[in-house]
Amino acid sequence: MSRDVPARPADLLAPSHGPVRWPMLLCVTSVPLTRVPSAAAPTLSVEVVLASVAFVVGAVSAAVAAQFNDAGTGTEVLAMLGGWPLLALAGAVVLDRRPGHPVGRLLAVLGTTPLLVVLWAVPAPSSPLDPLVLGEVVARSVALFVVAVGVGLPWALLGRLPAPGPVALPVAGFGGLAVAVGYDAGWVLVAVGGAASYAGLAAAARRSRRDDRRRLAWLLLTLASSGVALSVMSWGLPGALPTATLVALLLVAATTARLVLGEELRPLADHGTDVALAVAALVLALTVALVVGAASAAAGLPAPGPTAAFSGLVALLAAVPAGRSVHRDRLDRRYGTGTLSADDVAVITADLHRQTDPRELLDKAARMVAEASGSLGARIELDDDPEPGPAWLAHPLVVGGDRLGTLLVRSADDEGPEPRQRRVVAQLLPTVALVARAVGLAVEAQHARLDVARERDAERARILRDLHDGLGPALAGMSMRVQAARRTRATAHDALLDDLATDLARSRTDLRGLVAGLTPSALDEADLAEALRRLVRSFETPGAEPRLTLRMTLDHPLDGETQVVAYRTVAEGVTNALRHAAPTHVEVCVASSGDGLVAQVVDDGRGGRVVPGVGLASLRQRAEALGGSLAVETSATGTRLRLAVPR
């Protein structure tokens, strides 16, 4: 009896295609075993570890410096040096998210400032780490801090050091060292190098992307406000300077990390509006409190202070909704409302029933998207792969997995839309896609109706040829034979022949009217005005009633479908009047204007109830397909057939 024992434990997990044997096991399985990969443990880069070490070293150094002093001065020392390790902490976060970023490295180095201060103060002849000595060391190092934070940090945030930075920055640093060792004239070099660095920084910022410019502006604003606050504190409230230094360093650390890691930044003007509204609300509340307090004191009311405070709080709470409304209105004007209401969709789709060109409806939808998103322009392309130009951003329109086209949005900024505008457009995409789908379906339906109309016209043309080439000549021949029979001899059937000749003449007139109503060729051979003149002349019988008159005012061009329905309406109206109403006068009025076309056929024959036949029903369908209407009005004095088609 032999057993196969694996040489290594890892071999136990190797794939097997046969029974797996294991000592002391009687039941085995033939299912192959595979190694389950374990999740990779997150690793820290060397830079993150070094930044963390810098944080610990800086914090320990600040704590050690505080321990060498009594409780009062120790707290001041801790506040004065305790903010610098926070820069190293921010640097570690930046390096973890953005490995190798210059800002993270610089922040890590600045985090060791407490250690450098302590090492500098230890050789002092007086007691080591005396608060006066530490204060003197910090005062001498101010120039270096200004160069490192005020000049170096903006260049690190920008990520490059174009001219004159490679020269100006070392000059400013050398000046800071000179001040640190006791040469106050070094401030001149600091000022010159700093000014040259900021000049190069401004030139480089103008060539940078929009987000980089905003990051740089926010950092400079933070540094400037912190510097001004510290300067005011050192001059007016020196006792609060250590605490102010801690707060300023905390603000710089948090702001710098946020600027490096943030993907999208709002314009400074938006934040300026927020600040202005907040200040206005506070000023209003303070004013109300002062006025109420003064009035209460003048009136001798008890506890004017709480009354004034309560009034100010009420005014502040009342100002908040008003401020939010103003803020929202300003954002709507700048970035659009961000919504397409049901009324907007109704406006877009109002002309679906009669619009043959989809581009007009899609352009209308695109304009509404531009207004809703505060964009400079927008358009909808039905091509699969349009080529957007500069400052145009493409958004695919998809419904049910099918791509219908692309929404192209143009921003007022050449670098593209703002983040809020991108979100607004993304919210509008489903609605725009559905509108595009509705337009496409309506256009397809309209094309189908046009195909049916073309087939109907072709069938009418065939019937016309049959009537014109077959029945027409037959009736003419019969009429000629009857007339010949009447002229050759007198018979007992003269009365019958006269009646037959009259009936044949009437049948030929009816046939001409039928042919005129069927033929679309009249509009092919001439315009609507000339076609209507020929149509009316075809119904006239010289010297006999009824009398037909035609009045036309065609001041605006009409599309082909509108001309066809107008022509057929006049033909149908005149034919019905002559056939059923026995009129003495039939008037045809056709007028076109900026609002559309109106065609009327009015007779003075006998009125009565009109039962719509195939002709009127077909005409009503044509009119409704164009967004118009067909109406029949009857009275004891005649009948009016009225067609109205909007533009």
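Rules and cut-offs
- Residues numbered from 1 in each chain as written.
- Predicted model: local features only at pLDDT ≥ 70, side-chain atom pairs only at ≥ 80, totals over all residues.
- Heavy atoms only, no water.
- Phe/Tyr/Trp six-rings, centres within 6.5 Å; stacked < 30°, edge-to-face > 60°.
- Helix = DSSP H or I, 4+ residues; strand = E, 2+ residues; numbered from the N terminus.
- Buried < 20%, exposed > 50% of the residue type's maximum accessible area, 1.4 Å probe, protein only.
- Lys NZ or Arg CZ within 6 Å of the ring centre and 35° of its normal.
- Salt bridge = Lys/Arg side-chain N within 4 Å of Asp/Glu carboxyl O.
- Core = buried A, V, L, I, M, F, W, Y, C linked by side-chain atoms within 4.5 Å.
- Contact = heavy atoms within 4.5 Å.
- Axes fitted to C-alpha atoms, helices over the stretch in contact; angles between N-to-C directions.
- Parallel < 35°, antiparallel > 145°, perpendicular 65-115°, else oblique.
- Pairing = 2+ DSSP bridges.
- pLDDT = per-residue confidence, 0-100.

A.B. asks: Before we move on, can you summarise the packing of aromatic side chains with the specific residues and values?
C.D. replies: Under the definition given, this model contains 1 aromatic pair. An angle of 45° between the planes, with centres 4.6 Å apart, marks the rings of Trp 84 and Phe 145 as tilted. One end of the pair, Trp 84, is in helix H3 (residues 84-97); the other, Phe 145, is in helix H7 (residues 142-158), with 61 residues separating them in the sequence. With respect to class, Trp 84 is no different from Phe 145; both count as buried. Looking at Arg 379, its charged tip hangs above the ring of Trp 392, at a distance of 4.6 Å from the centre.

A.B. asks: Outline the pattern of salt bridges, supporting the account with residue identities and numerical values.
C.D. replies: Applying the stated criterion to the full structure yields 9 salt bridges. Ionic pairing is found between Glu 47 and Arg 105, a salt bridge with its closest N-O pair at 2.6 Å. Residue Glu 47 is found in helix H1 (residues 46-67), and its partner Arg 105 is found in helix H4 (residues 102-110); the two are separated by 58 residues along the sequence. Residue Glu 633 pairs with Arg 640 through a salt bridge whose shortest N-O separation is 3.8 Å.

A.B. asks: Let's hear about the nonpolar core: which residues, and what values?
C.D. replies: Nonpolar side chains in soluble globular proteins tend to be buried together. Counting residues in hydrophobic clusters, the biggest one holds 32 residues, and the most contacted among them are Leu 81, Trp 84, Leu 87, Val 103 and Leu 153. The dominant element in this core, judged by the number of residues it contributes, is helix H11 (residues 241-261), at 7 residues. Contacts of Val 103, omitting those with residues within four sequence positions, involve Leu 153, Ala 156, Leu 157, Thr 256 and Val 260. In terms of nonpolar packing, the next biggest core, distinct from the first, is built from 29 residues, Ala 531, Val 570, Leu 597 and Val 601 among them.

A.B. asks: I'd like a rundown of the packing of H1 against H3, residues and numbers included.
C.D. replies: The interhelical angle for the contact between H1 and H3, taken along N-to-C directions, is 170°, at an axis separation of 8 Å. By the angle between their directions, the pair H1 and H3 is classed as roughly antiparallel. Taking contact as the criterion, the partners of Glu 47, Val 48, Ala 51, Ser 52, Ala 54, Phe 55, Gly 58 and Ala 59 in H1 are, on H3, Pro 85, Leu 86, Ala 88, Leu 89, Gly 91, Ala 92, Leu 95 and Asp 96.

A.B. asks: So what about the sheet that holds strand S8 (residues 638-646)? Which residues, and what values?
C.D. replies: As a general point, the strands of a sheet are linked pairwise by backbone hydrogen bonds and lie either parallel or antiparallel. Judged by pairing direction, the sheet is mixed, and its 5 strands sit side by side in the order S4-S5-S6-S8-S7 without closing on themselves. Two strands close off the open sheet at either side, each with one partner strand: strand S4 (547-554) and strand S7 (629-635). In this sheet, adjacent strand axes meet at a mean angle of 10° when their direction is disregarded. Bridge analysis of strand S5 (residues 585-593) against strand S6 (residues 596-603) gives 8 bridges, and the strand direction is antiparallel. By the bridge assignment, Val 588 is partnered in S6 with Val 601. Taken strand by strand, helix H20 (residues 560-581) contacts S4, S5, S6, S7 and S8, and its axis lies near 10° from that of S6. Along the sheet face, helix H21 (residues 614-625) touches S7 and S8 and points at about 135° away from the line of S7.

A.B. asks: Could you give an account of the confidence of the model for the protein, naming the residues involved and the relevant values?
C.D. replies: Predicted confidence across the protein gives a mean pLDDT of 76, with 76% of residues reaching 70 or more. Here residues 1-40 scores under 50 on pLDDT; set against residues more than four positions off or in separate chains, the count is 22 contacts.

A.B. asks: Could you give an account of the environment of Val 586, with specific residues and numbers?
C.D. replies: As for its position among the elements, Val 586 is in strand S5. Between the C-alpha atoms of Val 586 and Asp 603, which are 17 residues apart in sequence, the distance is 4.4 Å. When sequence neighbours within four positions are dropped, the list of residues in contact with Val 586 reads Arg 547, Leu 548, Thr 549, Val 574, Ala 577, Val 601, Val 602 and Asp 603.

A.B. asks: Please give an account of the side chain of Ser 197 that cites residues and values.
C.D. replies: Looking at where Ser 197 falls in the secondary structure, it is placed in helix H9 (residues 186-206). Ser 197 sits in the buried class, given a relative accessible area of 1%. Those residues in contact with Ser 197 that sit more than four places away from it in its chain are Val 151, Trp 155, Ala 168 and Leu 169.

A.B. asks: Residue-level account of the pairing of S6, with values.
C.D. replies: Counting buried positions along S6 yields 6 of 8 residues, so the element is predominantly enclosed. Linking S5 back to S6 in an antiparallel pair, the connection comprises 2 residues. Judged from the 8 bridges that link them, S6 and S8 form a sheet pairing that is antiparallel. Considered in S8, the bridge of Gly 596 is made with Pro 646.

A.B. asks: Explain the environment of Leu 393 to me, and be specific about the residues and the numbers.
C.D. replies: Its place among the elements puts Leu 393 in strand S2 (residues 392-399). Each C-alpha atom, one on Leu 393 and one on Glu 415, is 10.0 Å from the other, the two residues being 22 residues apart in sequence. Beyond its immediate sequence surroundings of up to four residues, Leu 393 is in contact with Leu 407, Leu 408, Val 409, Pro 417 and Arg 422.

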